Amino acid sequence: AARGYGTSLPIPNVPAGTGTVFHSRMQTPKYSLSNPKWFAIFFAMNLGVYFGHYFYLRFMMRQNPPNPPRDPANTGAPEKHMHTVEDE
């Protein structure tokens, strides 16, 4: 069960006469995931985020109504554009 946890690097030895040194093997982490488990959770989370986003867009978000048909006579057009420069 402890396979894949910790480090694959060599652990240095303490020089003689230095006393007690607290290295990382004395305080193991309470919760630790192996690489395959961590990446499985990471990719599952990413898939959930993407599928949730598209599920919301497709099924929960309301659609915009279609645009009304254009008036061929253009009765609402102003006589003069509001930003035209008045030259005198």
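Just so it is clear, the model here is predicted, and its values are computed rather than measured.

Trainee: Is there a simple way to think about the overall build of the protein chain in this case?
Mentor: Tallying secondary structure elements over the protein chain gives one helix and zero strands in all. When the 88 residues of the protein chain are sorted by exposure, 1% land in the buried category. As presented, the protein chain carries roughly 9,500 Å² of accessible surface, and 60% of it is formed by carbon and sulfur atoms.

Trainee: Just to check I follow, could you spell out a nonpolar patch on the surface for this structure?
Mentor: Taken together, Leu33, Trp38, Phe39, Ile41, Phe42, Phe43, Met45 and Val49 make up a surface patch of nonpolar side chains, about 780 Å² in accessible area. Turning to its location among the elements, Phe43 is positioned in helix α1 (residues 35–60).

Trainee: Looking at this structure, how should I read unusual backbone geometry?
Mentor: Excluding glycine, a negative phi dihedral is what most residues carry, and trans is how most peptide bonds are arranged. Despite not being glycine, Asn74 shows a phi value in the positive range, around 55°. Mapped onto the elements, Asn74 comes out in the segment after α1.

Trainee: For this particular structure, what's the right way to read the pattern of salt bridges?
Mentor: Two side chains that carry opposite charge are able to pair once their charged atoms sit near each other. In total, this model carries one salt bridge according to the counting rule given. Salt-bridge contacts for Glu86 lead to Lys80; the nearest nitrogen and oxygen are separated by 3.6 Å. The exposure class assigned to Lys80 is exposed, which follows from its relative accessible area of 52%.

Criteria and cut-off values
- Residues numbered from 1 in each chain as written.
- Predicted model: local features only at pLDDT ≥ 70, side-chain atom pairs only at ≥ 80, totals over all residues.
- Heavy atoms only, no water.
- Helix = DSSP H or I, 4+ residues; strand = E, 2+ residues; numbered from the N terminus.
- Buried < 20%, exposed > 50% of the residue type's maximum accessible area, 1.4 Å probe, protein only.
- Areas by Shrake-Rupley, 256 points an atom, 1.4 Å probe, with all protein chains shown as cover.
- Patch = residues over 30% accessible without salt bridge, like charges linked within 9 Å, V, L, I, M, F, W, Y side chains within 5 Å.
- Salt bridge = Lys/Arg side-chain N within 4 Å of Asp/Glu carboxyl O.

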